[in-house]
Amino acid sequence: MMSALSSSMVSSRVVLRQFSSSSSSSSSSTQSTSRKSSTSSSSSNNRRTKVQRAIRAQAVQQHEMTEGGVLLPTGLYCPDTTQTFRRKTRTIQIGNVKVGSDHPIVKQTMTTSDTRDVDATVNEIMRCADAGAEMVRITVQGMQEAKACQEIKNKLLQSGYTTPIIADIHFAPKVAMTVADCLDKIRINPGNFADGRKKFEDILYETDEEYQAEIDEIEEVFTPLVLKCKANNVAMRIGTNHGSLSARTLSRFGDTPAGMVESAFEFARICRKHDYHNFVFSMKASNPLVMVQAYRLLSYEMYKLGWDYPLHLGVTEAGEGEDGRMKSSIGIGALLLDGLGDTIRVSLTEASELEIEPCTRLANLGMKACAEKLGGEDKFTETKRDFQSFERFNGDLPEQKADETIDYRNVLHRDGSVISSVTVEQLESEDQFYAELGCMLAVGMPLRDIATSDSILLRQAPQASQEKAMRSIRRLQEIGCGVLVPEAELKKNPVPNAIAIVSLAQAIAKEALPECAERFAVTLNGSESNEDLAKLKDIDAIMLLIQTEKGRSRIHSSRRIFEVLQANGVKIPVIHHKHIVDGDKSDVVIQCGAQVGGLLCDGNGDGVLLEYVGNEKIPLSFLRTTSFGLLQGSRMRNTKTEYVSCPSCGRTLFDLQEVTAQIAEKTGHLPGVAIAVMGCIVNGPGEMADADFGYVGGAPGKIDLYVGKEVVRRGIPMEGATEELIELIKEHDRWVEPKEKAAVAA
């Protein structure tokens with residue numbers, strides 16, 4: 001069935017850049033008659049695309065999805081946005097593992113070894129299983145790899161490993177049919193399963209008949225696999241990726257979450273037609289905001305249809321280290337706290353077994369939230385947040401007043417603020433403290449850098465006699481850094497020009513500020529009444545700090561606060577103040593990514609303050625860089641180069657970890673620039689939609705370079721490819737020379 005489209009959408013012609021087949025197939029003649037190559041200029045295409053997207057967006061908003069197609073809806077996407085309840089799903093069987101809401105969240109990973117190397121693949125799977133992986137995916141790109149799968153499975157069983165094995169399939173229906181005889185699950189990508197080997201070109205879709213003809217072709221190619229999986233009791237994942245939607249889907253929806261859902265549903269309808277239900281969905285993107293929106297939309301559309309299939313969660317191409325873990329925590333964690341998700345994978349550009357540790361932490365977070373029914377302290381109805389149309393709620397930045405002693409305009413940042421909690425002891429260390437705060441140093445004087453904290457929080461104010469600490473405060477204020485101190489502390493130990501922190505009750509009562517304070521911030525704990533929160537409209541606070549009290553759910557209490565603020569037109573900037581009482585560095589990343597990142601994915605919040613009071617020795621610099629990573633992962637403030645790097649698999653044509661590190665070393669100083677590092681064409685243009693530049697394995701020892709989704713240089717010897725990438729960045733005026741740190745005073 002075709003999607004129910006408005007007449008304006010049906011009659012329009014949309015030019016899109018997408019793959020076209022470069023290999024012959026039985027359907028090539030049919031496809032050639034249903035598609036026309038665009039001959040218009042690039043600028044004409046761009047203008048036409050923008051117009052058609054506007055038409056499509058307007059028309060889409062007027063419709064809801066039926067059994068025949070998906071259009072953007074309005075409404076809820078989880079059982080309760082004020083409390084965590086796990087979304088009810090059916091149980092599917094993957095080998096000896098059950099996936100669904102009646103079972104614990106299942107942890108999985110993917111191998112990086114060449115599948116043809118049976119022993120290496122078997123050993124890697126065993127390492128993953130020993131680390132806690134409950135399912136393992138392997139790449140199966142051709143018949144040689146498919147033939148190795150049976151031997152891999154047999155050797156694992158002989159070694160006592162019954163871990164279910166999943167085949168990752170792109171472009172190859174015949175290969176999928178082969179491995180369905182020996183493996184436990186097949187992952188197919190709706191954007192490329194039936195379309196053959198591809199390359200980019202401009203194409204044009206004109207009629208509904210052309211659209212339907214391709215759906216009919218897909219059904220013809222896909223049905224044999226559905227029937228075989230049903231007969232063999234083999235499971236399936238219908239796994240959509242944001243950057244690899246088909247031209248057909250793009251022509252109606254663009255590269256949107258709605259297009260991702262429709263792409264998956266086209267294949268799901270074929271499964272359902274044959275009474276095959278042993279499958280899960282996934283909606284992956286390298287952008288956590290797109291990923292979260294797509295899963296929420298998918299969940300809502302399934303509710304409308306009465307479908308109850310489990311969800312596999314993941315942020316694709318997340319990268320490595322803390323950045324990769326943060327992006328995964330934001331995307332996966334936000335959904336788990338909504339009660340969505342039944343199996344998860346944390347995709348990192350690292351050894352596959354290392355993915356299991358953060359995966360386990362996230363699974364535990366989700367299970368704990370559902371078991372405790374997190375939230376529910378305040379029942380309310382959200383009317384201001386539209387989950388399928390992202391819009392950020394921004395507070396008004398401070399404006400300078402004529403009679404003020406210092407300049408307060410830079411204590412917050414327009415793209416998202418970072419506030420660091422510091423101690424008097426740290427203030428007294430001066431140069432070391434400035435460095436941890438992200439300042440540049442010139443003859444002992446701190447200067448702002450791109451990732452310098454915007455303000456600091458002092459729980460305890462220094463005494464006037466503590467000269468080094470007071471000098472540090474003055475120097476920070478001179479470069480526009482705000483100094484926040486609790487009102488009671490300022491009465492005991494005045495700090496000139498500090499920002500006093502007061503409760504909402506004190507602000508409403510208009511209690512006099514300490515003489516040393518010209519401005520004040522209001523702290524909220526989540527227990528305030530709607531009536532009192534509404535009074536903030538008439539309060540001249542410089543910022544609000546949400547530090548939820550013990551026993552309250554941060555994500556749910558904050559949602560109520562933002563609902564009331566927006567309903568009453570309160571435009572004070574809101575900082576998420578996360579008070580961390582225990583845990584290690586990984587806990588900080590996971591908890592803050594899920595709880596604060598989840599709210600930023602809602603569009604709510606102007607910044608973050610991470611305050612650690614646990615027993616671990618966690619440096620100030622780590623909390624600061626984690627805060628900036630949280631803002632960048634939430635698509636707010638860019639302070640460093642963004643890397644979209646695939647986690648490696650058997651298709652990879654070079655050492656991803658080594659090459660990514662080399663590229664990062666030379667390009668890590670380019671905030672606002674996104675670079676994709678992809679091991680092969682499968683994880684190349686189709687999955688790097690967010691990148692400005694791409695470094696993609698084209699053949700053994702050869703690299704293809706991309707600008708956006710367009711390949712601009714092919715077959716570059718790998719030894720010089722990084723320098724060629726830098727030259728490409730320079731050609732497009734995105735390069736800046738690395739800064740040399742100013743000399744530090746002896």
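Residues numbered from 1 in each chain as written. Predicted model: local features only at pLDDT ≥ 70, side-chain atom pairs only at ≥ 80, totals over all residues. Heavy atoms only, no water.

### Here's the deal with the sheet that holds strand β17 (residues 455-458)
Then step 1. Read around the closed barrel, eight strands run β14-β17-β18-β19-β20-β21-β22-β23, paired in parallel fashion. Neighbour-to-neighbour, the strand axes of the sheet open up by a mean angle of 30°, direction not taken into account.
Then step 2. Note: strand β14 (residues 417-422) against β17, four bridges, orientation parallel. What sits directly across from S421, in β17, is L457.
Then step 3. Lying on the sheet, helix α20 (residues 585-601) is in contact with β22 (574-580) and β23 (607-612); it crosses β22 at an angle near 155°.
Then step 4. Strands in contact with helix α21 (residues 620-633) are β14 and β23; relative to β14, the strand with the most contacts, it is inclined by about 160°. (Pairing = 2+ DSSP bridges. Helix = DSSP H or I, 4+ residues; strand = E, 2+ residues; numbered from the N terminus. Axes fitted to C-alpha atoms, helices over the stretch in contact; angles between N-to-C directions. Contact = heavy atoms within 4.5 Å.)

### What to know about the environment of S389
Then step 1. You can see S389 is positioned in the loop between α12 (356-371) and β14.
Then step 2. Take S389: its relative accessible area is 37%, and that puts it in the partly exposed class.
Then step 3. Expressed as a C-alpha distance, the spacing of S389 and Q293, which sit 96 residues apart in the sequence, is 8.2 Å. (Buried < 20%, exposed > 50% of the residue type's maximum accessible area, 1.4 Å probe, protein only.)

### Describing the sheet that holds strand β26 (residues 693-699)
Then step 1. Strand order in the open sheet made by the five strands is β24-β25-β26-β27-β28, with mixed pairing throughout. Both edges of this open sheet fall to β24 (642-645) and β28 (710-717), since each of them pairs with a single strand only. For this sheet, the mean inter-axis angle between neighbouring strands, taken without regard to orientation, is 20°.
Then step 2. Pairing analysis gives five bridges linking strand β27 (residues 702-707) to β28, with the strands arranged antiparallel. When the bridges of β28 are listed, Y706 appears paired with V711.
Then step 3. The sheet contacts of helix α23 (residues 721-731) involve β25 (674-678), β26, β27 and β28, and relative to β28 the element is tilted by about 150°.

### Quick word on the nonpolar core
Then step 1. Grouped together as the largest cluster of nonpolar side chains are 116 residues, with contacts concentrated most on I169, I186, F222, L225, M236, I238 and F281.
Then step 2. Looking at this core, the element that brings in the most residues is helix α10 (residues 288-305), giving ten residues.
Then step 3. Apart from the residues within four sequence positions on either side, F281 is in contact with I238, A264, F265, A268, L298, M302, W307, Y309, P310, L311 and H312.
Then step 4. Y434, C439, L544 and L620 belong to the second-largest nonpolar core, a separate cluster that totals 46 residues. (Core = buried A, V, L, I, M, F, W, Y, C linked by side-chain atoms within 4.5 Å.)

### Re unusual backbone geometry
Then step 1. Of note in this structure, F171 is not a glycine but carries a positive phi near 70°.
Then step 2. Locating F171 in the fold gives a position in the loop between β7 (165-169) and α6 (173-179).
Then step 3. Using a relative accessible area of 14% as the deciding quantity, one classes F171 as buried.
Then step 4. Positive phi, normally seen in glycine, also occurs at E430, with a value near 50°.
Then step 5. Looking at the element boundaries, E430 is found in the loop between α13 (424-428) and α14 (431-436).

### Observations concerning the pairing of β14
As a general feature of sheets, a regular strand has side chains that alternate between the two faces.
Then step 1. Among the six residues in β14, six count as buried, and that is most of the element.
Then step 2. Neither face of β14 is exposed, since S417, I419 and S421 on one face and V418, S420 and V422 on the opposite face are all buried.
Then step 3. Where β14 lies against β23, four bridges are found, and the strand directions are parallel. Counterpart to V418 in the pairing with β23 is V608.

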